[in-house]
Amino acid sequence: MKKDFISILDISRDELFTLIAHARKLKEERKVGIHTPVLAQKTLGMIFEKSSTRTRISFETGMFELGGHALFLNPKDMQLGRGEAICDTARVMSRFVSAIMIRANRHDEVVELAVHADIPVINGLSDREHPCQILADIMTIEEWLFRTEGIKVAWIGDGNNVCTSLILSTILTGMEVIVASPEEFSPKKEVIQEAQKMGAKVRVVTDPFFAAESADVVMTDTWISMGQEEEIDQRRKIFMPYQVNSKVMSYAKPEAIVMHCLPAHRNWEITDEVIDSKASAVWDQAENRLHVQKALLVRLLA
Ligand code: CP
Ligand code: NVA
């Protein structure tokens, strides 16, 4: 049966750590110029309903390095953008390509595509989750802190799609997440309850300093996700007390690292001083998208 990767919970704990071990191997091999074309003759169709730098480049480069091919598909240039049904798009693409990656406005679209496709579907970000990002984040935390079990992550900012995948990932990693958000931007209650029922270690607070206290990892993301541009002034004002700056970092452990999935609005959700500090794992976090997604593609396609 084909496998999809729509939620971070589409893999088990064992599969997650096997995937990350493979990603580490691919990273080492790449450094010395070893590329094994295990996905020769395979094509990944990549539908982007929203902009992307990292996701597009890492998937496209990843497929190339694995001996395969990636197709960038802008829905505006596809019949999808003129109203062709998702189910028909899924059926037709299944006849041409080996897998589909979709960055979608609505999570339901990703699910619908997967239901009707005979090939693996990967969620490259939806309004609910960003599971590929969290794979890279877990790999990065292991690289910098050598473990995930017992790691305390302070998520400071918007309780958004990336935050949801992070919360769900604690079920697999043994990390603990404490989210500090303005009340109206906390992760959805259903998400928290569902996650806690499955064993997620998550708490939600409103005080960023309380969340940062003794954290091993301080993580944030934009206050204005794609599609929320009209709320920019309102959000910027509400979120300003949630800026990750050196004061917030001073509450975390002295050896704490700081993470951001990028793109960042410098000096809004994170200051220059912090993102450019020695504690910043942000650039490794971005790079690891490539390695971990290559491992994911091999898992789904080889
Ligand atoms: N972090 C991330 O997904 O970046 P892009 O939006 O540039 O793909
Ligand atoms: N939360 C952000 C992540 C961007 C990678 C967004 O959805 O736009």
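As shown above, the structure is provided for reference.
Conventions we followed
- Residues numbered from 1 in each chain as written.
- Chains lettered and ligands numbered in written order.
- Predicted model: local features only at pLDDT ≥ 70, side-chain atom pairs only at ≥ 80, totals over all residues.
- Heavy atoms only, no water.
- Pairing = 2+ DSSP bridges.
- Helix = DSSP H or I, 4+ residues; strand = E, 2+ residues; numbered from the N terminus.
- Axes fitted to C-alpha atoms, helices over the stretch in contact; angles between N-to-C directions.
- Expected span 1.5 Å × (residues − 1).
- Bend = angle between axes of the 7 residues up to and from the residue.
- Buried < 20%, exposed > 50% of the residue type's maximum accessible area, 1.4 Å probe, protein only.
- Near = heavy atom within 4 Å.
- Areas by Shrake-Rupley, 256 points an atom, 1.4 Å probe, with all protein chains shown as cover.
- Contact = heavy atoms within 4.5 Å.

*Asks:* Provide a residue-level description of the sheet that holds strand 7 (residues 202-205), including the pertinent values.
*Replies:* In spatial order, the strands read 7-6-5-8-9; together these five strands make up an open sheet with parallel pairing. Looking along the sheet, the strands with just one partner apiece sit at the ends: strand 7 and strand 9 (257-260). Each strand of the sheet is rotated relative to its neighbour by a mean of 20 degrees, with strand direction disregarded. In this sheet, strand 8 (residues 217-220) lies alongside strand 5 (residues 152-156) in parallel orientation, the contact comprising three bridges. Its bridge partner lying in strand 8, Trp155 is registered against Met219.

*Asks:* Describe helix 12 (residues 282-301), with residues and values.
*Replies:* Over its 20 residues, helix 12 extends 29 Å from the first C-alpha to the last, a length consistent with the 28 Å expected when each residue adds 1.5 Å. Where helix 12 bends most, the angle comes to about 30 degrees, and this point is Asn288. Here helix 12 lies mainly inside the structure; 15 of its 20 residues are buried.

*Asks:* An account of the site of ligand 2 is needed here, citing residue identities and associated values.
*Replies:* Around ligand 2 sit Leu125, Asn160, Asn161, Asp221, Thr222, Ser225, Met226 and Leu262, and that is every residue in its neighbourhood. Taking 270 Å² as the accessible area of ligand 2 by itself, protein coverage stands at 95%.

*Asks:* Provide a residue-level description of the sheet that holds strand 4 (residues 121-123), including the pertinent values.
*Replies:* Reading across the sheet, the four strands line up as 2-1-3-4 and stay open at both edges, with parallel pairing between neighbours. Looking at the sheet topology across the chains shown, the edges are occupied by strand 2 (69-73) and strand 4. Neighbouring strand axes in the sheet, compared pairwise and without regard to direction, differ in orientation by 20 degrees on average. Pairing of strand 3 (residues 99-103) with strand 4 involves three bridges; the strand directions are parallel. By the bridge assignment, Ile102 is partnered in strand 4 with Asn123. With respect to the sheet, helix 2 (residues 54-65) is in contact with strand 1 (43-48), strand 2, strand 3 and strand 4, its orientation differing from that of strand 1 by roughly 170 degrees.

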